Amino acid sequence: MGTQGNDRRIDYIEFNVADIARSKTFYGSAFGWTFTDYGPQYCEFQDGRLTGGFTTLAPVNAAGGPLVILFADDLEDAVARVEQAGGSIVKAIYSFPGGRRFHFGDPDGYELAVWSDR
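Heads up: these notes are all about the structure in this document. (Residues numbered from 1 in each chain as written. Predicted model: local features only at pLDDT ≥ 70, side-chain atom pairs only at ≥ 80, totals over all residues. Heavy atoms only, no water.)

1. Some points on the sheet that holds strand S1 (residues 12-16)
Here comes step 1: The strand order across the open sheet built from four strands is S1-S4-S3-S2, with neighbouring strands paired in mixed fashion. Where the open sheet ends on each side, the last strands, each with one partner, are S1 and strand S2 (34-37). Within this sheet the neighbouring strands show an average axis-to-axis angle of 25°, counted without direction.
Here comes step 2: Summarising the sheet, S1 and strand S4 (residues 51-55) pair through five bridges and their orientation is parallel. Its bridge partner being in S4, Tyr-12 is matched across the sheet by Thr-51.
Here comes step 3: Along the sheet face, helix H1 (residues 20-31) touches S2, strand S3 (42-46) and S4 and points at about 145° away from the line of S4. (Pairing = 2+ DSSP bridges. Helix = DSSP H or I, 4+ residues; strand = E, 2+ residues; numbered from the N terminus. Axes fitted to C-alpha atoms, helices over the stretch in contact; angles between N-to-C directions. Contact = heavy atoms within 4.5 Å.)

Have a look at this one:
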């Protein structure tokens, strides 16, 4: 019988960023994330379900890597929030089997997506 819990599940996501304050402003405005500062070079974020971090300890490398996908009940509202927070829409809302999604670029150039089953 296997164990339940967090074994073999994504536990934390870390972004190398150029400006922690700018990243906090963007993600706080666009998605309502909260933050805990751990000195001038590291900040942890909480989205209500997953935690991660912003750090200036390594250079920004926004190209490549896995695509981080957030969920939203209302995609149109999420697009508006991303744009109001200073993000750019990379791929407009489109349908796929199981729902719809869009991709956006954050202030450091990371591409993320937001999906909805509605």
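Picking up after the structure, the text goes on.
2. Thoughts on the packing of aromatic side chains
Here comes step 1: Enumeration over the complete set of coordinates arrives at 17 aromatic pairs.
Here comes step 2: An angle of 40° between the planes, with centres 5.1 Å apart, marks the rings of Phe-45 and Phe-54 as tilted.
Here comes step 3: Here a set of aromatic residues connected by ring pairs shows up, and it is made of Phe-15, Phe-26, Tyr-27, Phe-31, Trp-33, Phe-35, Phe-45, Phe-54, Phe-102, Phe-104 and Tyr-110.
Here comes step 4: Its end group placed over the ring of Phe-96, Arg-101 keeps NZ or CZ at 5.9 Å from the ring centre. (Phe/Tyr/Trp six-rings, centres within 6.5 Å; stacked < 30°, edge-to-face > 60°. Lys NZ or Arg CZ within 6 Å of the ring centre and 35° of its normal.)

3. A short note on H1
Here comes step 1: Relative to the 16 Å expected for twelve residues at 1.5 Å per residue, H1 spans 16 Å between its end C-alpha atoms, a close match to the ideal helical length.
Here comes step 2: Elements in contact with the buried residues of H1: S2, S3, S4, helix H2 (75-84), strand S7 (99-105) and strand S8 (111-116).
Here comes step 3: N-capping of H1 is provided by Asp-19, with a side-chain oxygen placed 3.0 Å from the backbone N of Ala-21.
Here comes step 4: Positive phi shows up at Gly-32, right after H1, with a value of about 75°. (Expected span 1.5 Å × (residues − 1). Polar contact = N/O pair within 3.5 Å; in protein donor to acceptor, adjacent residues only side chain to side chain.)

4. Some words on the sheet that holds strand S6 (residues 88-96)
Here comes step 1: The four strands are arranged S5-S8-S7-S6 in an open sheet whose pairing can be described as mixed. Edge strands, defined here as strands with exactly one partner in the open sheet, are strand S5 (68-71) and S6. On average, each strand axis in the sheet is inclined to that of its neighbour by 25°, with strand direction left out of account.
Here comes step 2: Sheet strands in contact with H2 are S6, S7 and S8, and its direction is about 5° off that of S7.

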